[in-house]
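A closer look at the structure
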Amino acid sequence: MKLKIEATNDFVVKFANVNGSGSASANEMFARSLLRMGVPVSPRNIFPSNIQGLPTWYEVRVNEKGWLGRRGGVDLMVAMNPQTWAQDLAEIEPGGYLMYDSSKPLPASKLRDDIHVLGVPLTDLCATRYTDPRERQLLKNIVYVGVLAAMLGIEPEVIATLLGEQYKGKAKLIQPNLDAFMMGLHHGQEYLGDVLGLKIERRDAVGQRIFMEGNAAAALGCVYGGATVCAWYPITPSSSVAEAFQKYCSKLRVDKTTGKHKFAIVQAEDEIASIGIVTGAGWNGARAFTCTSGPGVSLMTEFIGLAYFAEIPVTIINVQRGGPSTGMPTRTQQADVISCAYASHGDTKHVLLFPEDPKECFEFGAACLDLADRLQTPIFLMTDLDIGMNHRLCDPLEWDDTRQLDRGKVMTAADLDAGKDFGRYLDVDGDGIPYRTYPGTHPDKGAYFTRGTTRDAYARYSEAGPDYLYNVQRLLTKFETAKELVPQPVARSAARSTRFGVIYYGSTSPAMNEAFEDLQAQGVHVDTLRIRAFPFSAAVDKFVAAHETVFVIEQNRDAQLRTLITTEQEVNPAKLEPILHYDGTPITARFITAAIAKHIDAHKVAPIKKGQAA
């Protein structure tokens, strides 16, 4: 008897479509309908780096327990793209389901014996109702949502509500879409019945969590963090950061009386111009940021070096993608860790923050602006495409209205009149951070010349070796100070004492959280440490020292975080075992669990039996 996957509120559905076919909104509506029924989902949009015509996928993990990482494997494939038929068919788990447009018959050779085939004549159904070719194509997507609703048990009222929200203000579009949905629903009820072993049942497992993209959350964090200037050049996958900042500023940064905008957003001619604008704004006292990806950072490096050496506050949001060169513009990796940590020529070290979800994108977006002012240096917010461009469930965003912006060490006119010694690069507190003045602070005091060349503590031009040494050594002291200011690592202990540890960061977090539980269920115990920033605090040293082997989970080829830990903390590389995933898809719990279990198994030593030679 053929295996049949049966599950309630715990499965993976994947839609295989063609880019530009109008499927994106229908697929997202499917995911949102499950949330409205109180069942957690984690969707991921996998799309090509062209405008139209190439394959695109939308994967929805349904999991009542709330696991948000990719699981791996597909239980139900909605195959709407002939170009990727073989690939899509291969992904289905044995006993899983294939739903396809059966308007044209398929030979048995195109199918698999170990899966269940659900043919739906979608093209024929739409041809009987609609005459316009484009309308047929668009509404076919809504028809298959209706069929899925019938088979899975999605409440039709939920879809009707979502359609009303999606087409609010466009009443003439609501009824055709609702009719298409009902047509699919009735077909599924009449012809497919209980064929599908996957079901949705209403729960209350979402709670107060919100559903948003990391890019939007980071942009909102910049608004709340006091940013008034954004300069950017379009690049996937970061463009929506600037677009969201524009949207939020239009709501929150416009004077209600005068209509005057209290923000400046500039789409520059390239990445070099954008970082130049942001550096100038930061020098002038404004809170400013740019958003980009790896190729943009490459172009920005000379300005980044200037901001580092001249000590100008700058925030750079790097939504990482696959590289090198233009690499995989619409795929995800943690590919820029080293390039950002040491960006620019000469001796530079930069502060990096690694958020795990939209909530931390929001919090760290604001924190970057505080840190940039406090440390007077470039700060990188290191997200990636998986966090940035996919909707993710997270705890509600919170903001303390009593919180004051940290502008750092700024000398005022009163300070200058009181006779305080002002040296722009003078370390008076021993923390490596000098005082600065805003332009125009005082009519004849507190001015200084900003240059990218060497100078002394009072900003006077100098090529003397001792002056250069003073400045670059002071910048190292500042970097040490940063260790106590950045977000600290988050530790988690295993159920019992173990000699194995795991270090992870950023978008690997959802999969690692699940893998931690899976490993424990297998009797494999590991302590974990989620790193949230570079430079690393003493907690990283303690964690590594406490374990015989530490696995470092990353989404890049060259183990970049492991390299940073080895170099900066002077750790024996043999203690750090890399677990690397870099094919452009988000890492899965299955991958992490299997990789760690395999390595631990290899570390086990079989006991020597009595009478056996060692």
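Residues numbered from 1 in each chain as written. Predicted model: local features only at pLDDT ≥ 70, side-chain atom pairs only at ≥ 80, totals over all residues. Heavy atoms only, no water.

Focus on the sheet that holds strand E3 (residues 41–46)
The sheet built from six strands is open, its strands ordered E3-E4-E2-E5-E6-E7 with mixed pairing. Across the chains shown, the open sheet's two edge strands, defined by having one partner strand only, are E3 and strand E7 (116–120). Within this sheet the neighbouring strands show an average axis-to-axis angle of 15°, counted without direction. Judged from the six bridges that link them, E3 and strand E4 (residues 55–63) form a sheet pairing that is antiparallel. Pairing of Asn45 across the sheet is with Tyr58, part of E4. (Pairing = 2+ DSSP bridges. Helix = DSSP H or I, 4+ residues; strand = E, 2+ residues; numbered from the N terminus. Axes fitted to C-alpha atoms, helices over the stretch in contact; angles between N-to-C directions.)

A short note on the pattern of salt bridges
For the coordinates displayed, the defined rule picks out 38 salt bridges. Here Arg44 makes a salt bridge to Asp386, at a shortest N to O gap of 2.9 Å. Separated by 342 residues along the polypeptide, Arg44 in strand E3 and Asp386 in helix H13 (residues 385–389) bring together distant segments of the chain. As far as burial versus exposure is concerned, Arg44 and Asp386 are alike and both buried. A salt bridge links Glu311 to Arg474; the shortest N-O distance between them is 2.5 Å. Taken together, the positions of Glu311 in the loop between helix H10 (294–310) and strand E13 (314–320) and Arg474 in helix H15 (residues 465–482) put the pair 163 residues apart, joining distant regions of the chain. A relative accessible area of 1% places Glu311 in the buried class. The exposure class of Arg474 is buried, given its relative accessible area of 3%. Three or more residues joined by partner-sharing salt bridges are found here, namely Arg287, Asp370, Asp373, Arg403, Arg407 and Arg436. (Salt bridge = Lys/Arg side-chain N within 4 Å of Asp/Glu carboxyl O. Buried < 20%, exposed > 50% of the residue type's maximum accessible area, 1.4 Å probe, protein only.)

Purely geometric numbers; function is a separate question.
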